[in-house]
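Summary of the model geometry
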Amino acid sequence: MTWVTAVAGLRARREPGVLVTVATVRGHAPRKAGAKLVVGPTGTWGSIGGGNVEAVAVDRARELMAASASEPELLDFALNDKVTNRHGVQCCGGTVSVLLEPLPVVRAVAVFGVGHVGSELARILARQDLDLHLIDSREDVLAEERLAALTDAVARIRVHHTPLLPEEVLAELPQGTHVLIMTHDHAEDAALCDAALRTPHLGSIGLIGSAAKWARFRARLLTEGGHDEATVDRIKTPIGLPDITGKEPATIAVSVAADLLRTFEAEAT
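Here we summarise the structure given alongside this text. Only a predicted model underlies this, so the values are computations on that prediction, with no experimental measurement involved. (Residues numbered from 1 in each chain as written. Predicted model: local features only at pLDDT ≥ 70, side-chain atom pairs only at ≥ 80, totals over all residues. Heavy atoms only, no water.)

**A short note on the sheet that holds strand β10 (residues 205-207)**
Either a parallel or an antiparallel arrangement is found when strands of a sheet pair, and the pairing is made through backbone hydrogen bonds. The cut-off we apply is this: At least two bridges found by DSSP between two strands are what make those strands a pair. By definition, any uninterrupted DSSP run of H or I lasting at least four residues is a helix, any uninterrupted run of E lasting at least two residues is a strand, and each is numbered from the N terminus. Any two residues having at least one pair of non-hydrogen atoms within 4.5 Å are treated as being in contact. Axis angles are defined between N-to-C directions and span 0 to 180 degrees, where every axis is a line fitted to C-alpha atoms and, for a helix, only to the segment in contact.
What the 6 strands build is an open sheet, ordered β8-β7-β6-β9-β10-β11; its pairing is parallel. Two strands lie at the open edges of the sheet, namely β8 (156-161) and β11 (235-236), each paired on one side alone. Packing of helix α4 (residues 186-197) onto the sheet brings it into contact with β6 (107-112), β9 (178-181), β10 and β11, and relative to β10 it is tilted by some 165°. Of the strands in this sheet, β6, β7 (130-136), β9 and β11 are in contact with helix α7 (residues 249-268), which crosses β9 at around 160°.

**Digging into helix α2 (residues 51-66)**
This is how it is decided: Between the first and last residue of a helix there are one fewer steps than residues, each counted as 1.5 Å, and that sum is the expected span. Categorising residues by exposure relies on relative accessible area from a 1.4 Å probe, with only protein chains included: less than 20% of the type maximum marks a residue as buried, more than 50% marks it as exposed, and the intermediate range marks it as partly exposed.
For α2, which comprises 16 residues, the first-to-last C-alpha distance of 23 Å matches the rise-based estimate of 22 Å (1.5 Å per residue) to within 8%. Those residues of α2 that fall on the buried side of the exposure criterion are Asn52, Val53, Glu54, Val56, Ala57, Val58, Ala61, Leu64 and Met65. Along its buried surface, α2 packs onto β1 (17-26), β2 (36-39), β3 (44-46), β4 (73-78) and β5 (95-103).

**Let's talk about the packing of α4 against helix α5 (residues 211-222)**
Operational definition: Just so you know how the angles are binned, under 35 degrees is roughly parallel, over 145 roughly antiparallel, 65 to 115 roughly perpendicular, and the rest oblique. By convention the crossing between two helices is left-handed if the near helix lies anticlockwise of the far one by an angle smaller than a right angle, and right-handed if it lies clockwise. Classification used: nonpolar for Ala, Val, Leu, Ile, Met, Phe, Trp, Tyr, Cys and Pro, charged for Asp, Glu, Lys and Arg, polar for all others including Gly.
At a closest axis distance of 11 Å, the pairing of α4 and α5 adopts a crossing angle of 45°. Here α4 is positioned oblique relative to α5, judged by the angle of their axes. In terms of crossing hand, the pair formed by α4 and α5 is right-handed. Contacts between α4 and α5 involve His186, Asp189, Ala190, Cys193, Asp194 and Leu197 on the former and, on the latter, Lys213, Arg216, Phe217, Arg220 and Leu221. By residue class, the composition of the contact of α4 with α5 is 5 nonpolar, 1 polar and 5 charged.

**Observations regarding the pairing of β6**
Rules: Crossovers are marked right-handed if the path from the first strand over the helix to the second runs clockwise, as seen with the strands pointing away from the viewer.
Among the 6 residues in β6, 5 count as buried, and that is most of the element. By the bridge criterion, 6 bridges tie β6 to β7 in an arrangement that is parallel. Along β7, the bridge assignment pairs Phe112 with Ile135. With helix α3 (residues 116-125) bridging β6 and its parallel neighbour β7, the resulting β-α-β unit is right-handed. Two elements, β6 and β9, share 4 bridges in a ladder whose sense is parallel. Within β9, the position partnered with Val109 by the bridge is His178.

Quick look at the structure:
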């Protein structure tokens, strides 16, 4: 398996990893600069030469994964019999620098409702490195020709047609998925809000709509839904940046996307 395939496999399985590359070599070393090793939570693919260098790199890669590190790190090794490292001596005679690049699990976003705003939002989010789930009860809005603008997406896109109960998709979403609710039907929105609050593994929950709409929803969630105020307050509404007041779908989509990216940055701090 090539290192590219290994990285793609981690991405598809939503597993963290670290890409290890021999950055520089002086003198004799087991591998030339550019040799790569991919370290996952339980396995490795490729090699940077074995021995002490590789063993130390694997250990450090796993430490970076455990710490959810995002910044790359450079390790220097002197390969001679005067230097004893964690896994013994390696006496090739040269020096090696190894670059460790964390491969974090990408974020996931679910857009419930791919109408005018939802489709514009999908076009923007598709340019981000994330898993993008598009869910709608209407088959026509998910037609291939309507989503043609997403064919060159950076994001990995999954389309869910849910003619009866869109909220059933919530349980299938990855851990920490950020949910944006903007369907064509207020009853559908209300059911999704209630179900999202009952799905503990989700990330943020956002609802599009007016203050009057939210007042009705909030009252129902507290009474009929049986949620407490702290739980209901997990739902952010309105979504988007408050200083952007335009009502055109593309404008709203830009505002919502910017607000979501700000949420991502807050998570990373």
